[in-house]
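Next come the chains, spelled out residue by residue.
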Amino acid sequence: MLDLPTPLSLWHSDTQTPDRRGPVPTDSDVVVVGAGIAGLTTACLVARSGRSVTVLEARQVGAGVTGNTTAKFTAQHGLVYDSLGGDRAGQYAAAQVRALDWVAEVVAAEEVDCDFERRDSYVYTTRADRVRDLAREAEAMQLAGLPAELLDDAGLPFEVAAAVRLPDQAQFHPQRWLLHLAAQIEAAGGLVIEGEAVLNVDERDDILLVETTRGEGDSRETRTVSAGHVVIATHYPILDRGLHFTRLGQTRDLVVSGPVAGTPPAGMFIDVDDGWSLRTPPGEPGRLIVGGGQHPPGTRPDQDQVFTELAEWARETVGLQEVTHRWSAHDLTTPDSVPYVGRYLPGSTNLWVATGFNLWGMSNGTAAGHLLHDLITGDADPAQAELMNPTRVRADMVPGVVADQAAVGKHLVGGLARAVASGDDAADLADGEGRIRRVGARAVASYRDDDGLLHEVSAHCTHLGCVVRFNDAERSWDCPCHGSRFDINGTVLNGPATEPLAPFEG
Ligand SMILES: Cc1cc2nc3c(=O)[nH]c(=O)nc-3n(C[C@H](O)[C@H](O)[C@H](O)COP(=O)(O)OP(=O)(O)OC[C@H]3O[C@@H](n4cnc5c(N)ncnc54)[C@H](O)[C@@H]3O)c2cc1C
Ligand code: FES
């Protein structure tokens, strides 16, 4: 079996991310919350249109999913075009093409050092009973204006039953791209401020009041920024009043990377059934980045085992010889596979959201930035705005919503039952082990670090109270209900939670 290193994404391992902590202004034309690809693209475009822009980021640029992605930039997204059909498929394709064209233009014009490389994109299946679905997808893509073709060979080191190829897509280094966007925002007079966790946005007629905090416990400081527009680009929207948590599912995806035997395939590939994903890292032809092991976050506490299964699949299937990097993150899914980009609530005039990129946030997140810019400046194409309208209700979305909510209900009850069934003693916890234990009526998240020190916090997620579960690979507490994650001392790593897990003092 291949050894597994400490989790750290390739993109963070070879890039210095400068510290951008600094004073927060009292007002800004536009405040963007979150410095991932959606937030920074929006902010860059809005800053270039002459408005004052402030980006508030809880952690660091790229600390979220964008710094932990596989960064294939393609208009090909599984089998989405066949499921959308007709005008919606055409609109969806147009948004992706615009996003890719814009990035390619900026990379060329500004000589961006982000390893942008053109690659063909492939969706493949190894199952004979899926060939018909891929044929339909190829046809739907062609009708949507994309030059897709159906093949019976994808040039992979194993046989496929069929593949759909979309030529001339791209891959890049996402962290370097984000750092370029941040620098361009600043060059256009905007601000990117790290270490600022936004807690709330108060809507007062035309003015929005953004409540932001820095630090924790006694050193916590709270400030307010007034803004004409606010964009919530925090991956999972942090303001519950949009009820997005009732309409978003989540998929955790694991990645391993390392040298392979022989010459790896040059395209970007994804298995339509299992989500196995392959691409080469920038400038390193003898290596592969391999994604897979998809599951809802918080439902597989044995993350090391899931990584092992992924690495073994890659060893047997594509000749992975060593795992030099491994990392994971989760992305948000919508019932109709179209992101939510636009007004936060039906009546909102200046509060906006971008979320639900369905594991295709390089192009969808960039497309979201363009649409939000157009909405803020009043130039949006109505058909694009309608396609991605976050408040849309469509009959084809209902089964997905019902299934997601049923899963949340199961986790809520199951988590409490597990806590009740677990013991109330932490004495037998081994070093590096985490467990939920019951203390009276409370569930406590107990973790013993490698020096034998016990860390204990409340196990009740500060979002809506589900019981968190230990993630043994990243040593974090993960919530199975909507994907919030906390470090072993309770600090928020992923929303929608904005508050840390409560301290537990025995
Ligand atoms: C393993 C994996 C592989 C993927 N591969 C691909 C791929 O090959 N191609 C593709 O197109 N897509 C891919 N995706 C999907 C894509 O990476 C995501 O859709 C995209 O990065 C999401 O971008 P974002 O800007 O919405 O979120 P993020 O990048 O997570 O940015 C949100 C930011 O908001 C900040 N934030 C959160 N809460 C607050 C708060 N309260 N106050 C202030 N800031 C806050 C976070 O710290 C974070 O920096 C992949 C996803 C995963 C998980
Ligand atoms: S209860 Fe919603 S993320 Fe935990």
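My aim in this report is to walk through the structure given alongside it, one point at a time. (Residues numbered from 1 in each chain as written. Chains lettered and ligands numbered in written order. Predicted model: local features only at pLDDT ≥ 70, side-chain atom pairs only at ≥ 80, totals over all residues.)

## A few points about the site of ligand 1
Taken together, 40 residues sit near ligand 1, with Gly 34, Gly 36, Gly 64, Thr 69 and Gly 361 positioned nearest. Going through the elements one at a time, helix H2 (37-48), strand S2 (53-57), strand S8 (197-204), strand S11 (249-259), strand S15 (325-333) and helix H8 (361-377) are the ones with two or more residues in the shell around ligand 1. With four residues, the single largest contributor to the shell around ligand 1 is H8. A per-class count over the shell around ligand 1 returns 19 nonpolar, 16 polar and five charged. Each of two domains, domain 1 (28-68 + 176-246 + 337-392) and domain 2 (117-169 + 250-333), supplies a minimum of three residues to the shell around ligand 1. (Near = placed C-beta within 6 Å. Helix = DSSP H or I, 4+ residues; strand = E, 2+ residues; numbered from the N terminus. Nonpolar A, V, L, I, M, F, W, Y, C, P; charged D, E, K, R; others polar. Domains from an automatic or database assignment.)

## Section: the sheet that holds strand S18 (residues 434-439)
Read from one edge of the open sheet, three strands run S18-S19-S20, paired in antiparallel fashion. Among the strands making up the open sheet, the edge pair consists of S18 and strand S20 (454-458). Looking at each pair of strands side by side, their axes are set apart by 30° on average, direction ignored. The pairing of strand S19 (residues 442-448) with S20 spans five bridges and is classified as antiparallel. Bridge pairing in S20 places Ser 446 opposite Glu 456. (Pairing = 2+ DSSP bridges. Axes fitted to C-alpha atoms, helices over the stretch in contact; angles between N-to-C directions.)

## Structural notes on the nonpolar core
Counting residues in hydrophobic clusters, the biggest one holds 121 residues, and the most contacted among them are Leu 40, Val 55, Ile 185, Val 230, Val 231, Ile 232 and Val 290. By residue number, the principal contributor to this core is H2, which donates eight residues. Three or more residues apiece are contributed to this core by two domains, here domain 1 (28-68 + 176-246 + 337-392) and domain 2 (117-169 + 250-333). The residues contacting Val 290, other than those within four sequence positions of it, are Val 255, Val 256, Ser 257, Ser 277, Leu 278, Leu 310, Ala 314, Val 318 and Leu 320. If you look at the next biggest cluster of nonpolar residues, it comprises 20 residues, including Ile 436, Ala 443, Trp 477 and Cys 481. (Core = buried A, V, L, I, M, F, W, Y, C linked by C-beta atoms within 7 Å. Buried ≥ 20, exposed ≤ 12 C-beta atoms within 10 Å, placed from the backbone. Contact = placed C-beta atoms within 7 Å.)

## Comments concerning unusual backbone geometry
The linkage connecting Gly 495 with the following residue, Pro 496, adopts the cis geometry, with an omega of 15°. Inspection of the secondary structure puts Pro 496 in the segment after strand S24 (492-494). Residues other than glycine seldom take positive phi values, yet Leu 359 does so here, at roughly 70°. For Leu 359, the position within the fold is in the loop between strand S17 (351-355) and H8. For Leu 359, a count of 24 C-beta atoms within 10 Å corresponds to the buried category. Positive phi outside glycine occurs at Arg 475, with the angle close to 50°. Within the element layout of this structure, Arg 475 appears in the loop between strand S21 (469-471) and strand S22 (476-478).

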